[in-house]
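Here is how the chains run, residue by residue.
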Amino acid sequence: MRPEWDSYYMKIAAVVAERSTCLRRQVGAVLVKEKRLLTTGYNGAPAGLQHCLERGCMRLQQQVPSGQRHELCRGLHAEQNAIIQAALHGVSIRDAVLYCTHHPCSLCARMLVNAGITRIVLAEDYPDPLARELFVEAGIPVETNN
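We now turn to the structure provided with this report. Keep in mind that what you see is a predicted model, and the values were worked out from it rather than measured.

## Some points on the nonpolar core
Moving on, step 1. With 21 residues, the main nonpolar core has Ile93, Leu98, Leu112, Ile117 and Ile120 as its most contacted residues.
Moving on, step 2. The element contributing the most residues to this core is helix α4 (residues 78-89), with four residues.
Moving on, step 3. Tyr9, Met10, Val121 and Ala123 belong to the second-largest nonpolar core, a separate cluster that totals ten residues.

Encoded structure:
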């Protein structure tokens, strides 16, 4: 039986998350437009820099709760990497759908709003009420598909 489109792209996002080098949470993101996969991203350190797998995680060491003190992390979020890949390769993501293994944080939410993302499909939630508020205000529907 063929998976419907949302399930298909969520499965791809889950596979992308397997590339993550984050010690706390493996996140995968896929940007899709008109049933065409545009870019992918997973969370981890910027290209060419040491990964947390090699260096350790400052947020873990300091026992920072989930959803707080993002500035202490040396990694980029999966959604950020998907947006950056689009910019690097000249791919328009305006009117695209984000498939992501976890709910975006408020920083990523602001980027997704400005990038023109029109819908978000998730597998898991994330404790960031501001992100949810931003999506509601921007009129971007957020749906769960797991």
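## A short note on the layout of surface pockets
Moving on, step 1. Here the largest pocket is characterised by a volume of approximately 270 Å³.
Moving on, step 2. Counting only elements with at least two residues in the lining of the largest pocket, the list comes to β2 (36-42) and α4.
Moving on, step 3. Per-element accounting of the lining of the largest pocket gives the leading share, four residues, to α4.

## A closer look at the packing of α4 against helix α5 (residues 106-115)
Moving on, step 1. At a minimum axis separation of 9 Å, α4 and α5 run at an interaxial angle of 30°. In terms of orientation, α4 and α5 fall into the roughly parallel class. Considering the relative orientation of α4 and α5, their crossing is left-handed. Touching Glu79, Gln80 and Ile83 of α4 are Leu107, Cys108, Met111 and Leu112, all from α5.

## Some points on the side chain of Ser106
Moving on, step 1. As for its placement among the helices and strands, Ser106 is situated in helix α5.
Moving on, step 2. Excluding residues that lie within four positions of it along the chain, Ser106 makes contacts with Asp128, Leu130, Ala131 and Leu134.

## What about the pairing of strand β4 (residues 119-124)?
Moving on, step 1. Within β4, five of the six residues are buried, which leaves the element mostly enclosed by the surrounding structure.
Moving on, step 2. Both strand β3 (residues 97-102) and β4 contribute to a ladder of five bridges, which runs parallel. In the sheet register, Cys100 faces β4, and the bridge partner there is Leu122.
Moving on, step 3. Chirality of the crossover, the property in question, places the unit of β3, α5 and β4 among those that are right-handed.
Moving on, step 4. Direction of pairing for β4 relative to strand β5 (residues 142-144): parallel, over a ladder of three bridges. Within β5, the residue paired with Ile120 across the bridge is Val142.
Moving on, step 5. Once you follow β4 into helix α6 (residues 129-138) and on to β5, the crossover reads as right-handed.

The rules behind these values
Residues numbered from 1 in each chain as written. Predicted model: local features only at pLDDT ≥ 70, side-chain atom pairs only at ≥ 80, totals over all residues. Heavy atoms only, no water. Core = buried A, V, L, I, M, F, W, Y, C linked by side-chain atoms within 4.5 Å. Buried < 20%, exposed > 50% of the residue type's maximum accessible area, 1.4 Å probe, protein only. Helix = DSSP H or I, 4+ residues; strand = E, 2+ residues; numbered from the N terminus. 1 Å grid on protein atoms, 1.4 Å probe; cavity = no way out; pocket = protein on both sides within 12 Å on 5 of 7 lines; lining within 4 Å. Points joined across faces, edges and corners; volume = space filled by probe spheres on them. Axes fitted to C-alpha atoms, helices over the stretch in contact; angles between N-to-C directions. Parallel < 35°, antiparallel > 145°, perpendicular 65-115°, else oblique. Left-handed = near helix turned anticlockwise from the far one by under 90°. Contact = heavy atoms within 4.5 Å. Pairing = 2+ DSSP bridges. Right-handed = clockwise from strand over helix to strand, strands pointing away.

Such coordinate-based values are descriptive only and should not be taken to indicate function.
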